[in-house]
Protein chains: 2
Amino acid sequence: MAETKKRVFFFGDGVAEGYSLGKDLLGGKGHGLHEMTHVGLPVPPGFTITTEVCRYYYEHNRQFPPGLEEEVLENLKKVEKVKGQRFGDPSNPLLVSVRSGAPVSMPGMMDTILNLGLNDKIAEGFAKLTGERSAYDSYRRFLQMFAKVVLKINEEKFARKLDEIKARRAAFLISELQNMGLDVDALTQELDDPKDSKYREVKVEGELLKKVAQLLKIKPNKSALKTKVRELLEGKAKDTDLTTEDLKELVTSFKEIIRQETGDDFPQDPYTQLWMAIKAVFDSWNNPRAIEYRKIEGIPDDLGTACNVVAMVFGNLGDDSGTGVMFTRDPNTGEKRVYGEFLPNAQGEDIVAGIRTPMPLSKIDKTDEDQTSLEEWDLEVYEELLNLADKLEKYYRDMQDIEFTIERRRIWLLQTRRGKRTPRAEVKIAVDMAKENLIDRNEAILRVDPYRFEKVLHPYVDEKKVRERFGYVPKLVHGIPASPGAATGKIVFDPERAHELASAGEDVILVRRETSPEDIKGMAAAKGILTGKGGALSHAAVVARGMGKPAVVGVETVEINEEEGYIKIPAAFNFKGVPITLGEGDVITIDGGSGIIYLGDVPKEEPKLGGEVAELLMWADEVRRGKLGVRANADTPKDARKAREFGAEGIGLARTEHMFFSEDRIRDFRTMILLASRKGERYERAKERIKNYQREDFYGLLKEMDGLPVIIRLLDPPLHEFLPTTDDQIRETARYVGIDEEEIRHLVETTEEANPMLGHRGVRLAITYPDIYAMQVEAVAEAYLKLKEEGYDPKPKIMLPLVGFATEMKAVREIVERTLEKYSLKGNIEVGTMIELPRAALCGDEIALYADFFSFGTNDLTQTTLGFSRDDAGKFLPEYIEKKLLTEDPFKTVDDAVAELVATGTKKGKRQQPDLEVGVCGEHGGDPKSIRKFYKAGVDYVSASPFRVPVARLSAAQAVLGN
Amino acid sequence: MAETKKRVFFFGDGVAEGYSLGKDLLGGKGHGLHEMTHVGLPVPPGFTITTEVCRYYYEHNRQFPPGLEEEVLENLKKVEKVKGQRFGDPSNPLLVSVRSGAPVSMPGMMDTILNLGLNDKIAEGFAKLTGERSAYDSYRRFLQMFAKVVLKINEEKFARKLDEIKARRAAFLISELQNMGLDVDALTQELDDPKDSKYREVKVEGELLKKVAQLLKIKPNKSALKTKVRELLEGKAKDTDLTTEDLKELVTSFKEIIRQETGDDFPQDPYTQLWMAIKAVFDSWNNPRAIEYRKIEGIPDDLGTACNVVAMVFGNLGDDSGTGVMFTRDPNTGEKRVYGEFLPNAQGEDIVAGIRTPMPLSKIDKTDEDQTSLEEWDLEVYEELLNLADKLEKYYRDMQDIEFTIERRRIWLLQTRRGKRTPRAEVKIAVDMAKENLIDRNEAILRVDPYRFEKVLHPYVDEKKVRERFGYVPKLVHGIPASPGAATGKIVFDPERAHELASAGEDVILVRRETSPEDIKGMAAAKGILTGKGGALSHAAVVARGMGKPAVVGVETVEINEEEGYIKIPAAFNFKGVPITLGEGDVITIDGGSGIIYLGDVPKEEPKLGGEVAELLMWADEVRRGKLGVRANADTPKDARKAREFGAEGIGLARTEHMFFSEDRIRDFRTMILLASRKGERYERAKERIKNYQREDFYGLLKEMDGLPVIIRLLDPPLHEFLPTTDDQIRETARYVGIDEEEIRHLVETTEEANPMLGHRGVRLAITYPDIYAMQVEAVAEAYLKLKEEGYDPKPKIMLPLVGFATEMKAVREIVERTLEKYSLKGNIEVGTMIELPRAALCGDEIALYADFFSFGTNDLTQTTLGFSRDDAGKFLPEYIEKKLLTEDPFKTVDDAVAELVATGTKKGKRQQPDLEVGVCGEHGGDPKSIRKFYKAGVDYVSASPFRVPVARLSAAQAVLGN
């Protein structure tokens, strides 16, 4: 045991014994105080009792370690010396605050005691120095906090007493006003609008107004007067209305409450108070709130808290004193100007408690003519504050959020921490600071949280603003946020109808139980998509993200009746508290970033893709270029254009099956499938037509991405997805293809699968139906030749899905190359594979013998590695996350075991063939945490949906920078 | 280039230049000849031209290397010297055979020429030494083979000429008989049964019989005479009937055919013949048959063949000569006695060609009084043959299959190879040889092919015997062999009806499109199972193997109509060649080892579990004990007993869900599921009842396995498997459970899954419904305590299925241990997990923190790793195997990547926790090749279905021995 180890660290007057010892030992607050002291910022002196003491305390049945008392007293002496005051000396008393401070921020979870060291005698002495009012104001505050935190007495009793005194004071003030001849009732009944016919004016002017204003401590104008009178009539005097006598009465009453509640007198000895308070701070580490909080946040229980004992400075010494908070930059916009609030003649947490309306720091932030600002209140102090802000930023190299107290025009800093900010401010501050040379560009890149960054790129609902506007938030229900962005529109259930209405200029939200490939047209037409089933990787989610369209999925609590055209939201989930039924045409707003559905058109915050965003991404590109590329998943020229605009360096995945679903095409494709075994002229014609469609698709894509690689994945889904299902469709298909309905039904039945995810799809289809791939390759080859002829530089690559065995890769590559040979293109177009099975990753060396590139399809790889079906996992995944069995949705952030397979496959593949290009094209390719894992796994690029390309660029740079 | 390298290796007179140079250089046949010569066995002299020459030949545009000619001639001289004859010398000619011989056996794929060195003049000279008949017999044989092999003339022409001459000779003999006064017609019309009223006897006796027999070269009895006369009347004389004149005429005709076909005379120069023949042998390496064969067997094309030139010995020099084949032990039973056939006065491949019926070697093998045997024919020669057999076995330490020729009572060995044998003989020979100290016990263990060993343990259909008995094989159709054994019974489609009929003593075969857990009772009652759908891991297959019951599955070509009660077998697949429709009650036989279905009751070979099998397994156990354990997968006491009988050392997997499907139990289980969220008394009662059932189940299992570990897997399948599906079931369930039908329908719908294999099952259920596992653990605990009380030594272990995350293992282990604590059993019963997801294997170290044991569920691990759904893979797996994309069904023999995951999971798990017991309980646990892989992967035991336990014991020993 380190008996002799230092347990208490002094700070004050430029000396900080605990400087650089860190948060683990001193706690966050202590660390900040020592640091600020060290830098020479104005911090009241004090000392920190370390977290080690707290741990000792719990390990020894809540006993302090021997010798602690001496150490504390020694340090208290140092504080006395710096302050020129003595603890417990009525003639010149030192008062202190006792505050907890854990290594990890646990806001509001633990306790604080101010003004400790007061007792009846010292209060008297203190009054001589600061005035009676301030002294008894401090004393009554101390009594209340001490009672609550140390003695565990219900605060309610104190609050009730205070209200009682305030009501009495309010009544007194009203009677005074009446005595002055003011018609109080008439004044409150007076209407505010002078143009209104019912307007009756009560005149309050000149000397009367002045006297009244003085009495009430308000600005001498009528609107201020009316507000104040209304409050007083409700019995609500302010704490500043209280007289010294009122405060003395409170002190007496509070001591009486303590006696009643504890059976003991309030401890008058300051040292007793101090030890009780320190004990209470350590005890607070294990109060139920704190334990619960740590459980939720996953903070270890054995960290312990430090305890800070700091000399009091007083914001409640009169109108030249006060307390405030300040952000060193605007946390909303990121602009470089201080932002905050200030409350004169107040102490500690009065601002947070909201007992009076604080003033802004700067003139410019006033919202109301009657308001004043710190800048106007005391320009000199204001300018000193700006100066301190500057110093803080220079030291911390980040925007700070500080607490300060002004004691008779002198500023004291009581706490500093990194300021919370909006995503937009985060970007601007990072970029600005880099330009100011406070940080370098790499640090600017690392400063921006990529998950928050995404919000900068999409509109979203800001509930605070909605509440400001409506007075309430018309929240209906919560689903899984599947594709960010907010959209408002009329509910439509039928995709066809959605398309119609959208064509007619209506904004619609497509509401479906779930979507399927046939709904694509309706999805494309809608402003947003809402589904009852599915998770983050459901069809709706994947397609919506691909389209950059807001989507909320898996809203399982809502009954969606597509047939009868309504949705029913249970009472439990909506803002009205009664069941709500909505039908086609009713307007809703969805926020795909938060997963919340609102009734009606709620205001949305529009993204402003300003200069700093572009600048940051440019810096990010410089960092990652040549190390981790970013491509996009895009199937259409429109998406490709968007991707290129957003900075994609190619297409990492172009699916070819979505191209088959339009009505004219699916007929021919069905013909091809149904006649595959017997072939014939009709078959050949259908194949030719599909080839022509696909050639045009590929032509468009390749042209849009001129000069950049485009990886075209050949057909992947099982054939039954393309077959007709309804009787009508079967009848129509039978007619079109020219075969029996029975035969179609038979095929539909035999292609049905128990687990289609693990079924006859991908490259397995090419083994059975080599013609389909050959046709697709022909289409690629012809598009390539056409573009070459026109002077373009197309760079298609052909990707085979679901390869598990080197033999498959070899066999199907042969099919592809035989076809390319017909166009003399063998060797011009690379052939690679999607690695989406554990086996493929484990056998990457074998498969690399026949592949020019790998692209990890981490969606399917996650499904197979974890044994999670993306369609079904919704049944238990939420529960898993809620119960902390999983910390993250593995379909959003790639699971470590899957990342391990990516690393294994990459290593084995590149060992076999050092030139092998390796990428990731699963949805994870746009997820920042996943991108980090992929970079570590050694891949060359990630591919994300077009709208996530900027996030991917930033994340890729961060990954390269080692974060 | 190794110009000076030796290319021709001589053997003869005890000298073998190529001894120990191996098959790669000398080919298999050459290697054997050199080896036998070296050992001092009687082999005619000759030489081998190496495979290197063949490779040179193909690399140099079919030219021989320079100097080869000299080398060949030099060696030919050595042969002449040993034989005392000269090649091309009419007065004392050396004749040779020229035979190919590749490093890998390619039976019948390549060519042989005998009697080379003959021409018109030499034939005359040769006739003086051997008699005219033998000389011209040899010459006509040579001409025919040379024409076919070297000159590529269609054999048909020669065969037709031979038939013509034979017909002429037959007609002549018939007329001779008639001349002798024999009533030929009456003789053939005479009935064979003297008791038949229509019997009319033709008398042939005394001197006449003797004369006739001499003419026809038959035994002097009437039945032999009648057989011969019938043949002659059909124009079929035997080659031995031919006269010298006939043979001379054939020689003339054959030379004429050659002239006509080639436009050239037959080459009279022996050296020209020799070089043409050697060239033809090398050319035969690339004949289409050989290329095709190599492709199918995966033999490299660049091995090349050797060419052996060997001095001829003659089996056709008269009745003191002949040719034969001999097995050194009985290849059917394995008994230690020579077995084979011999044909007097014949040459080369006459036995294989079947031109005459050969005689057996030993008296004891005669099937017919009229037959003679080599033993009787020449006892001295026979005994010398026994002596040679003994020498061969001593040298080769295995049963040999040899070709020999007897030239004037002297035996010459022309070839030796390992003798093919039945599975039963394989076991007996291995065990006997170990007892004879020819090999040691380890080698005996390694000698037995475990796949063939399995046949020893199950009845099977031997088509040869069926054909012998019926004259045809009533084959209906072929499916996937899913569970070995053969069974005969009446077709029944309904499991309930199967149970009824079986109870009434009928043998039934349950025929279903596919089976589901509700069919268990019917499956248990049936003698065998036949399904239209599914593969080697379908429900039917797995359950049947578990029951040790024959099953053929995936008979997709057959239409099975359960509703109307018939199956329809297409014409293409059955022995009748017309569509066959069978209904309930029709008898069929199925062979689950071969996958073939037969019409009616066909004879089956019954396994005789003789002493050698038991002995071999005992030896195997000694080898593997402490290195690789063998347990069984068993769910019932009956299976457990069987497993113990077969030598299982515990139960590696007892599934608990099969126990829920009987009618009374499923009701209560449904109640439990349906009331899970609201609980209540009805719920508790149902739970209690199920617990009691399960306790009895476990009690029985544990009692049967007293003292041995029993791993009980808690509930695994998704809940929807247990829910009612038909309207009737739903109505009944609603009544029983006491809730709305609608609610049940709703639950049935919401539990439906797109990919149930990857769905809400296994340990995932325990997260949602912890009560189910708790109830099962209670049942285990109570069974345990009851047995303990009764003085038994139960060793249950609890296994959690489908764990993917350490957090799941931890959370559910807590559920289990909380329950065990209630019985004060925490720590007495181990808790482990099934590793069946790639993630679980990859994170074995993390999971091992909370697991006492691992058991790899390689069925599901194969599905997830390869992305193959066992239910759906039937759509493409057969095609994959056919196209050689896969060499084996990965559901039968574990895939290498899956084995790699087993190794990874084992290594990581044991590194974390060295005491961790690791096993395999997938179906692969009974597959020999897989067992080898698992042993390499480091597992402690494998678990197989009871009937495969013996195979697993043998395979485990082989794995330990490094095979």
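Residues numbered from 1 in each chain as written. Chains lettered and ligands numbered in written order. Predicted model: local features only at pLDDT ≥ 70, side-chain atom pairs only at ≥ 80, totals over all residues. Heavy atoms only, no water.

## Side note on the packing of helix α5 (residues 132–149) of chain A against helix α10 (residues 244–262) of chain A
All names here are of chain A.
No. 1: The N-to-C vectors of α5 and α10 enclose an angle of 25°; their axes lie 9 Å apart at closest approach. Considering their axes alone, α5 and α10 lie roughly parallel with respect to each other. Here α5 runs over α10; the crossing is left-handed. Where α5 abuts α10, its residues Glu132, Arg133, Tyr136, Asp137, Tyr139, Arg140, Leu143, Gln144 and Ala147 lie against Thr244, Leu247, Lys248, Leu250, Val251, Phe254, Lys255 and Ile258.
No. 2: Among the residues forming the contact of α5 with α10, the class breakdown is nine nonpolar, two polar and six charged. (Axes fitted to C-alpha atoms, helices over the stretch in contact; angles between N-to-C directions. Helix = DSSP H or I, 4+ residues; strand = E, 2+ residues; numbered from the N terminus. Parallel < 35°, antiparallel > 145°, perpendicular 65-115°, else oblique. Left-handed = near helix turned anticlockwise from the far one by under 90°. Contact = heavy atoms within 4.5 Å. Nonpolar A, V, L, I, M, F, W, Y, C, P; charged D, E, K, R; others polar.)

## Digging into the relation of the copies chain B and chain A
No. 1: By a simple turn and slide, chain B fits onto chain A: the slide is 0.1 Å along the axis, the RMSD is 0.4 Å, and the turn is 180°. Given the turn and translation reported, the copies of this chain are related as if by a two-fold rotation axis. Ranked by how close their C-alpha atoms come to the rotation axis, the residues of chain B are headed by Asn755 of chain B, at 2.1 Å.
No. 2: Both copies share a contact surface, since 100% of the interface residues of chain B are interface residues in chain A too. (Least-squares fit on C-alpha atoms with pLDDT ≥ 70 in both.)

## So, the sheet that holds strand β22 (residues 580–583) of chain B
Residue and element names in this part refer to chain B.
No. 1: Read from one edge of the open sheet, three strands run β20-β21-β22, paired in antiparallel fashion. Both outer strands of the open sheet, β20 (559–561) and β22, are each paired with one neighbouring strand and no more. Going across the sheet, the axis of each strand differs from the next one's by a mean of 15°, ignoring polarity.
No. 2: The sheet contact formed by strand β21 (residues 566–569) and β22 spans four bridges and is antiparallel. Within β22, the position partnered with Ile569 by the bridge is Ile580. (Pairing = 2+ DSSP bridges.)

## Overview of the pattern of salt bridges
It is possible for side chains of opposite charge to pair when their charged atoms get near one another.
No. 1: Throughout the structure, instances matching the rule amount to 196 salt bridges over all chains.
No. 2: Glu917 of chain A is the partner of Arg631 of chain A in a salt bridge, and the nearest nitrogen-oxygen pair spans 2.8 Å. You can see Arg631 of chain A sitting in strand β25 (residues 629–633) and its partner Glu917 of chain A sitting in strand β31 (residues 917–920), a full 286 residues away along the chain.
No. 3: Looking at Arg631 of chain A, the relative accessible area reads 8%, which means it is buried.
No. 4: The shortest N-O distance in the salt bridge between Arg624 of chain B and Asp621 of chain B comes to 2.9 Å. Taken together, the positions of Arg624 of chain B and Asp621 of chain B, both in helix α23 (residues 611–624) and three residues apart, correspond to about one turn of that helix. (Salt bridge = Lys/Arg side-chain N within 4 Å of Asp/Glu carboxyl O. Buried < 20%, exposed > 50% of the residue type's maximum accessible area, 1.4 Å probe, protein only.)

## Let's talk about the interface of chain B and chain A
No. 1: Counting residues at the interface gives 46 residues for chain B, matched by 46 residues for chain A.
No. 2: Carbon and sulfur atoms make up 58% of the surface buried where chain B meets chain A, a total of about 4000 Å² over both sides.
No. 3: One can count four salt bridges joining chain B with chain A.
No. 4: The salt bridge involving Glu900 of chain B is made with Lys908 of chain A; its shortest N-O contact spans 3.1 Å.
No. 5: Between the two partners, chain B and chain A, sit 32 residue pairs in polar contact (both at pLDDT 80 or more).
No. 6: Within the residue set of the side of chain B that touches chain A, elements represented by two or more residues are α28 (741–751), α29 (763–768), α31 (806–822), α32 (838–842), α34 (858–866), α35 (877–882) and α36 (896–912) of chain B.
No. 7: Residues that form the side of chain B that touches chain A fall into these classes: 20 nonpolar, 12 polar and 14 charged. (Buried area = accessible area lost by both parts, 1.4 Å probe. Polar contact = N/O pair within 3.5 Å; in protein donor to acceptor, adjacent residues only side chain to side chain.)

## What about the confidence of the model for chain A?
No. 1: Across chain A, the average pLDDT comes to 90, with 96% of residues at 70 or higher.
No. 2: Across the interface, the model reports ipTM at 0.78; the global pTM reads 0.79. (pLDDT = per-residue confidence, 0-100.)

## So, helix α27 (residues 727–737) of chain A
Residue and element names in this part refer to chain A.
No. 1: Within α27 the residues assigned to the buried category are Ile730, Thr733, Ala734 and Val737. Viewed along the axis of α27, the buried residues span an arc of 100°, placing them on a single side of the element. α27 presents Asp728 and Arg735 as exposed residues on the side facing more than 90 degrees away from its buried surface.
No. 2: On its buried face, α27 sits against α25 (663–674), α26 (681–704) and α28 (741–751).
No. 3: Looking one or two residues beyond α27, the residue adopting positive phi is Gly738, at roughly 85°. (Arc of directions from axis to C-beta.)

## Focus on empty space enclosed by the protein
Residues and elements named next belong to chain B.
No. 1: Counted under the stated rule, the structure contains eight cavities of 30 Å³ or more.
No. 2: Considered as a void within the structure, the largest cavity measures approximately 50 Å³ in volume.
No. 3: Around the largest cavity sit Leu476, Val477, Leu530, Val555, Val558, Ile560, Ile567, Ile569, Leu582, Ile588 and Ile597, which together line it.
No. 4: Mapped onto the lining of the largest cavity, the elements with two or more residues apiece are β14 (475–478) and β21. (1 Å grid on protein atoms, 1.4 Å probe; cavity = no way out; pocket = protein on both sides within 12 Å on 5 of 7 lines; lining within 4 Å. Points joined across faces, edges and corners; volume = space filled by probe spheres on them.)

## Looking at the nonpolar core
No. 1: If you look at the biggest cluster of nonpolar residues, it comprises 275 residues, and the most contacted ones within it are Phe453, Leu616 and Leu800 of chain A together with Phe453, Leu616 and Leu800 of chain B.
No. 2: With near-sequence residues (within four places) excluded, Leu800 of chain B lies in contact with Leu714, Val763, Tyr773, Met809, Val812, Arg813, Val816, Val831, Gly832, Thr833 and Met834 of chain B.
No. 3: Counting 66 residues, the second-largest nonpolar core is a separate cluster that includes Cys54, Ala102, Leu118 and Val281 of chain B. (Core = buried A, V, L, I, M, F, W, Y, C linked by side-chain atoms within 4.5 Å.)

## Let's talk about the sheet that holds β14 of chain B
Residue and element names in this part refer to chain B.
No. 1: Taken in spatial order, the eight strands of this open sheet run β14-β24-β23-β16-β17-β18-β19-β15, and their pairing is mixed. With one partner strand each, in any of the chains shown, β14 and β15 (480–483) form the two edges of the open sheet. Each neighbouring strand pair of the sheet contributes to a mean axis angle of 30°, computed without reference to strand direction.
No. 2: Where β15 lies against strand β19 (residues 551–553), three bridges are found, and the strand directions are antiparallel. Looking at the pairing, Pro481 lines up with Val552 of β19.
No. 3: The sheet contacts of helix α20 (residues 495–503) involve β16 (486–492) and β17 (508–512), and relative to β17 the element is tilted by about 180°.

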